[in-house]
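# Summary of structural features
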Amino acid sequence: MSSAEDFEIRMPSGTDDPLSDAEIQQYRKEIDRLDKVIIESIQRRTAISQAIGKTRMGSGGTRLVHTREVAIINQFREQLGEEGPQLAGILLRLGRGKL
């Protein structure tokens, strides 16, 4: 009996060169591993952010702290460039919901 791994679906690499194809497949395995880490980290970040919001609102505080959100957006801009603020906004929205 074979396992699911025996039936791995290979995505086209965009090259007919076997050596380049093998290299691309290795890179893709690393990307898949990193995507898993990123998704797990986003889920953990979201849960922590929601806990902070619940605690803050439960003690009479505000739903969000604007200066904190601006600092996060600026950090993402500095570290990731022009796409950073959009990614930061998505992460912030996941944690606190839409405004």
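Whatever comes next refers back to the structure up there.
Residues numbered from 1 in each chain as written. Predicted model: local features only at pLDDT ≥ 70, side-chain atom pairs only at ≥ 80, totals over all residues. Heavy atoms only, no water.

## Describing the nonpolar core
Nonpolar side chains in soluble globular proteins tend to be buried together. By size, the foremost hydrophobic cluster in this structure holds five residues: Ile72, Phe76, Ala88, Leu91 and Leu92. Looking at this core, the elements that each hand over two or more residues are α2 (66-80) and α3 (84-96). No other element matches the three residues that α3 contributes to this core. Not counting residues within four places of it along the chain, the set of residues in contact with Phe76 comprises Gly81, Gly84, Pro85, Leu87, Ala88 and Leu91. (Core = buried A, V, L, I, M, F, W, Y, C linked by side-chain atoms within 4.5 Å. Buried < 20%, exposed > 50% of the residue type's maximum accessible area, 1.4 Å probe, protein only. Helix = DSSP H or I, 4+ residues; strand = E, 2+ residues; numbered from the N terminus. Contact = heavy atoms within 4.5 Å.)

## Comments concerning the environment of Gly84
Considering the arrangement of structural elements, one finds Gly84 in helix α3. In this structure Gly84 comes out as buried when scored by relative accessible area, which is 0%. In the structure, Gly84 is positioned eleven residues away from Ile73 in sequence and 7.2 Å away in space, judged by C-alpha atoms. Each residue touching Gly84, except ones within four places of it in the same chain, is listed here: Phe76 and Arg77.

## So, α3
Taking 1.5 Å per residue, 13 residues should reach 18 Å; α3 reaches 18 Å between its end C-alpha atoms and fits that length. When we look at burial in α3, the residues that qualify are Gly84, Pro85, Ala88, Gly89, Leu91, Leu92 and Gly95. All buried residues of α3 lie within an arc of 165° about the axis, which places them on one face of the element. Immediately beyond the C-terminal end of α3, within one or two residues, lies Gly97, with a positive phi of roughly 90°. (Expected span 1.5 Å × (residues − 1). Arc of directions from axis to C-beta.)

## Examining the packing of α2 against α3
Running from amino to carboxyl end, α2 crosses α3 at an angle of 145°, the nearest separation of the two axes being 7 Å. Here α2 and α3 pass one another in a crossing that is right-handed. When α2 is examined against α3, the residues Glu69, Ile72, Ile73, Phe76, Arg77 and Leu80 are found in contact with a partner set consisting of Gly84, Pro85, Leu87, Ala88, Leu91, Leu92 and Arg96. Here the residues of the contact of α2 with α3 are counted per class, giving nine nonpolar, one polar and three charged. (Axes fitted to C-alpha atoms, helices over the stretch in contact; angles between N-to-C directions. Left-handed = near helix turned anticlockwise from the far one by under 90°. Nonpolar A, V, L, I, M, F, W, Y, C, P; charged D, E, K, R; others polar.)

## A look at the pattern of salt bridges
Oppositely charged side chains may form a pair once their charged atoms are brought near each other. Counted according to the given criterion, the structure contains two salt bridges. Residue Glu30 is joined to Arg33 by a salt bridge in which the shortest nitrogen-to-oxygen separation is 2.8 Å. Linking Glu30 with Arg33, this pair stays in helix α1 (residues 18-58), spanning three residues, or about one helical turn. Two residues, Arg96 and Glu69, come together in a salt bridge whose shortest N-O distance is 2.6 Å. In this pair, Arg96 is assigned in helix α3 and Glu69 in helix α2, connecting sequence segments 27 residues apart. Accessibility expressed as a relative area gives 12% for Glu69, which makes it buried. (Salt bridge = Lys/Arg side-chain N within 4 Å of Asp/Glu carboxyl O.)

## Looking at the layout of surface pockets
Empty space within the largest pocket amounts to approximately 290 Å³. Forming the boundary of the largest pocket are 15 residues, of which Ser49, Ile52, Arg68, Ile72 and Leu92 lie nearest the centre. Breaking the lining of the largest pocket down by element, the ones donating at least two residues are α1, α2 and α3. Sort the elements by how many residues they give to the lining of the largest pocket and α1 lands first, with six residues. (1 Å grid on protein atoms, 1.4 Å probe; cavity = no way out; pocket = protein on both sides within 12 Å on 5 of 7 lines; lining within 4 Å. Points joined across faces, edges and corners; volume = space filled by probe spheres on them.)

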